[in-house]
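# Structural features, examined
Take a look at the letters that make up each chain.
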Amino acid sequence: MSFLVALSACLTGAAANAEETFELFGPQPSDNRIALLSDDIDDGPLAGPIDTEIDTTAGNANSTVSREDYDALVERFESLEESWSKHQDDLKADSEAKKKKPIGKLNGRVHLDNWSFLEEDPGVNYLETGDPNQDPQDRWDFRRIRLTWSGDVPGSMLYRISIDFNNPSSAEMKDVYLGFKNLPYNQQFLIGNQKRPIGLDHLNSSRHNVFIERPLAVETFNEDARRLGACMYGYNDSESVHWRYGAFLLENISQDGRFRGDYDEAGLYGRLSTSPWYDEISGGRGYYHFAVAGSANTTDADGTIDNDDNSNEARFRTRPLARSSSRWWDTGRLLGAETYQQLAFESMLNIGAFQLTGEYINTWVQRNPLGGFNGEDLHFQGAYLFANYFLTGEHVPLKRRTGTIDRVKPFENFFIVDRCCGGTGTGWGALSVGVRADYLDLSDSDIMGGEGHAITLSSNWYWTAYSKLQTNLVVGEIEDAGQGRSNVPLAQGVAGDFTILGFRYMIDF
């Protein structure tokens, strides 16, 4: 304000030389003053005219500014104003330049597993090691050491590169794709290595799943999930309906990044999901989700009797809900299998802290006689049903745009600290318990891939939203198995019982 008053005095004063001074304070003769009058204020404590005066006569030295100093002050003000304006232009230019460059972020996860095979028998020993007298070994494994770099590219594009180093000497590629987003009808289109859209528990992230390992049926009929392909993803405006559909090559290229074979050895996949009930008022603590998914695939019927260096044949297999060395349920390579189709149904009901989830998957295989097998068509199937309950009151969120579950957020984190006033303060995190029943049948006609079931008891102790301890106790049995260790039809299958205890220590960022 003082500066503006001085500026006004400069414009109206009579002095013109550098020695003339402007008095800002002190005596104010009426013949050398300038009155600045404001408009009358109608009401309030400042009602009436406001008189602001400047004395241009010489006065107290402490109250005057020389013309030279004044001009320097004005010059400095104009320089600062110009510099500030240039700075704002630079910031704007920098912001515009950043919008033209790709951006990205790094995240990852670490899953450390401990498995103990508490009970086994000769049949299980044979399925695991090939020797009825050698039992499965207990183990510590890094199940996942995964780093993911993802981001956006100007022009409504996106990318994702996810590499797993659980075996440091042989890294595996997971999600590796590029794509286009913001397409009509809330869609995005991805090209590259990505999950085939079948099996709810496979589409869920391993960071959020309730059990350590995925159900028998899900892992069997969509082994390792990811394949090289192109897929469209979308949802409606209310987010109550979600869809995915695309085409994928058959061979798993996660270890070498290369596909070898004919381009018709591939499959068409699709999934349509809906959440007709979603309780917005409670923040999604209540919802119902339903989906149907399917595929149609063409395979390499020759299997192991040709010279092709590929894995494009029909084969269905899985481990016993634990990280064993071998896959106990295993059809082997289905010689003569030319095509197969799949149809799956999935359902989730969540009411507060309680969730009930189930899925049923069918697979039909068409084949011709080859390698001693009779060539009859085959039907394999599997299902699971689980219930989970939070003792601490949290719930499993639903991500409606993708038709999958989301991250659990504990009401309080787990911690133990010293209080300032003495004693110890604690937080217990979140705790859930669950039970899952699995059934899988890979034995039909002359193929003895294994038929059996398992019960898994689970607990999840969430230390934070990004870390937890999972515990699983698996009790199961299998019969009519062993085809995976033979290239010819078996006269009799292998049977056995098993009990396995597992722990997973996990964190993601």
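Residues numbered from 1 in each chain as written. Predicted model: local features only at pLDDT ≥ 70, side-chain atom pairs only at ≥ 80, totals over all residues. Heavy atoms only, no water.

### Quick notes on the overall build of the chain
For clarity, the cut-off: Helix and strand labels come from DSSP, where a helix needs a run of H or I of at least four residues and a strand needs a run of E of at least two; each type is numbered from the N terminus. When a residue's accessible area, from a 1.4 Å probe over protein chains only, is under 20% of the maximum for its type it is buried; when over 50% it is exposed; and in between it is partly exposed. Should any heavy atoms of two residues lie within 4.5 Å, those residues are counted as being in contact. Surface exposure here means Shrake-Rupley accessible area, sampled with a 1.4 Å probe, where a residue is shielded only by the protein chains that are shown.
For the chain, the helix and strand inventory stands at five helices and 26 strands. Burial status across the chain gives 46% buried among its 509 residues. If you take every contact in the chain between residues at least 6 apart in sequence, the share linking residues at least 24 apart comes to 64%. Approximately 25,500 Å² of the chain is accessible, and the part contributed by carbon and sulfur atoms is 55%.

### A word on the pairing of strand 7 (residues 157-164)
The cut-off we apply is this: For two strands to count as paired, DSSP must find a minimum of two bridges between them.
One ladder, built from eight bridges, connects strand 6 (residues 139-153) with strand 7; its direction is antiparallel. Each bridged residue has a counterpart across the sheet, and for serine 150 the counterpart in strand 7 is arginine 160. A loop of three residues connects strand 6 with strand 7, the two strands running antiparallel in sequence, and glycine 155 in this loop sits at a positive phi of about 100°.

### What to know about the pairing of strand 25 (residues 467-481)
Here is the key point about a regular strand: its side chains alternate between the two faces of the sheet. As paired elements, strand 24 (residues 447-464) and strand 25 share 13 bridges and run antiparallel to each other. Note that in strand 25 the partner of glycine 452 across the bridge is isoleucine 478. With antiparallel pairing between neighbouring strands as the criterion, strand 24 and strand 25 make up a hairpin whose turn holds two residues. Across 13 bridges, strand 25 lies against strand 26 (residues 494-508) in antiparallel orientation. In the strand pairing of strand 26, valine 475 is matched with threonine 499.

### Section: the environment of threonine 426
Residue position: threonine 426 is located in strand 22 (residues 424-428). Separated by 11 residues in sequence, threonine 426 and phenylalanine 415 place their C-alpha atoms 5.3 Å apart. Excluding residues that lie within four positions of it along the chain, threonine 426 makes contacts with Phe415 and Ile416.

### As for the nonpolar core
The condition is simple: Among buried residues, the Ala, Val, Leu, Ile, Met, Phe, Trp, Tyr and Cys ones that are joined through side-chain atoms within 4.5 Å form a nonpolar core.
Counting residues in each nonpolar core, the largest one holds 60 residues, and the members touching the most others are Phe316, Leu334 and Phe380. In terms of residue count, strand 18 (residues 378-390) provides more of this core than any other element does, five residues in total. The contacts of leucine 334, once residues within four sequence positions are left out, are Ala301, Ala314, Phe316, Val365, Leu378, Phe380 and Ile447.

### Describing the environment of alanine 266
Mapped onto the secondary structure, alanine 266 falls in strand 12 (residues 266-278). For alanine 266, a relative accessible area of 17% puts it in the buried group. Counting along the chain gives 73 residues from alanine 266 to threonine 339, while the straight-line C-alpha distance between them is 9.7 Å. Setting aside anything within four residues of it in sequence, one finds alanine 266 in contact with Phe248, Leu249, Leu250, Ala296, Asn297 and Thr298.

### Considerations on the side chain of lysine 468
Which entries qualify depends on this criterion: Counting rule for charge: Lys and Arg are taken as positive, Asp and Glu as negative, and neither His nor the chain ends is counted. One side-chain nitrogen of Lys or Arg within 4 Å of one carboxyl oxygen of Asp or Glu is enough to make a salt bridge.
Along the polypeptide, lysine 468 turns up in strand 25. Among buried Asp, Glu, Lys and Arg side chains, lysine 468 stands out as unpaired, with aspartate 508 the closest opposite charge at 8.1 Å. Beyond its immediate sequence surroundings of up to four residues, lysine 468 is in contact with Arg207, His208, Asn209, Asn460, Trp461, Tyr462, Trp463, Arg504, Tyr505 and Met506.

### Observations concerning a negative patch on the surface
Using the following cut-off: Think of a patch as exposed residues, more than 30% relative accessible area, with no salt bridge, where like charges cluster within 9 Å and nonpolar side chains (Val, Leu, Ile, Met, Phe, Trp, Tyr) cluster within 5 Å. To locate a charge, take atom NZ for lysine, CZ for arginine, CG for aspartate or CD for glutamate.
A cluster of like negative charges, contributed by Asp256, Asp262, Asp264, Asp302, Asp308 and Asp309, occupies part of the molecular surface. With respect to the element layout, aspartate 309 can be found in the loop between strand 13 (286-298) and strand 14 (317-318). Residue classification places aspartate 309 among the exposed positions, given a relative accessible area of 68%.

### Comments concerning unusual backbone geometry
Phi at asparagine 186 is positive, roughly 55°, even though this residue is not glycine. At glutamate 239, a position not held by glycine, the phi torsion is positive, near 65°. Inspection of the secondary structure puts glutamate 239 in the loop between strand 10 (226-235) and strand 11 (241-249).

### Section: the pattern of salt bridges
In a structure, side chains of opposite charge can pair up when their charged atoms sit close to one another. Summed over the entire model, instances satisfying the criterion amount to 21 salt bridges. Between glutamate 313 and arginine 333 there is a salt bridge whose closest N-O contact spans 3.7 Å. Taken together, the positions of glutamate 313 in the loop between strand 13 and strand 14 and arginine 333 in the loop between strand 15 (329-330) and strand 16 (337-351) put the pair 20 residues apart, joining distant regions of the chain. Overall, the relative accessible area of 9% leaves glutamate 313 in the buried class. Its salt-bridge partner being aspartate 446, residue arginine 367 comes within 2.5 Å of it at the nearest N-O pair. Of this pair, arginine 367 sits in strand 17 (residues 354-367) while aspartate 446 sits in the loop between strand 23 (430-444) and strand 24, and the two are 79 residues apart along the sequence. Each member of the pair, arginine 367 as well as aspartate 446, carries the same accessibility label: buried. Three or more residues are tied together by salt bridges with common partners; here these are Asp113, Arg143, Glu213 and Arg504.

### Some words on the packing of aromatic side chains
Heads up, the rule is: Only Phe, Tyr and Trp rings are paired, with Trp represented by its six-membered ring, and only when their centres lie within 6.5 Å; those with planes under 30 degrees apart are stacked, over 60 edge-to-face, the remainder tilted.
For the coordinates displayed, the defined rule picks out 14 aromatic pairs. On the basis of an interplanar angle of 25° and a centroid distance of 6.4 Å, the ring pair of tyrosine 278 and tyrosine 287 is categorised as stacked. On the basis of relative accessibility, which here comes to 0%, the residue tyrosine 287 falls in the buried class. Ring centres 5.0 Å apart and planes at 75° place the aromatic pair phenylalanine 414 and tryptophan 461 in the edge-to-face group. Remark: tryptophan 461 occurs in strand 24 and phenylalanine 414 occurs in strand 21 (residues 414-418); sequence separation between them is 47 residues.

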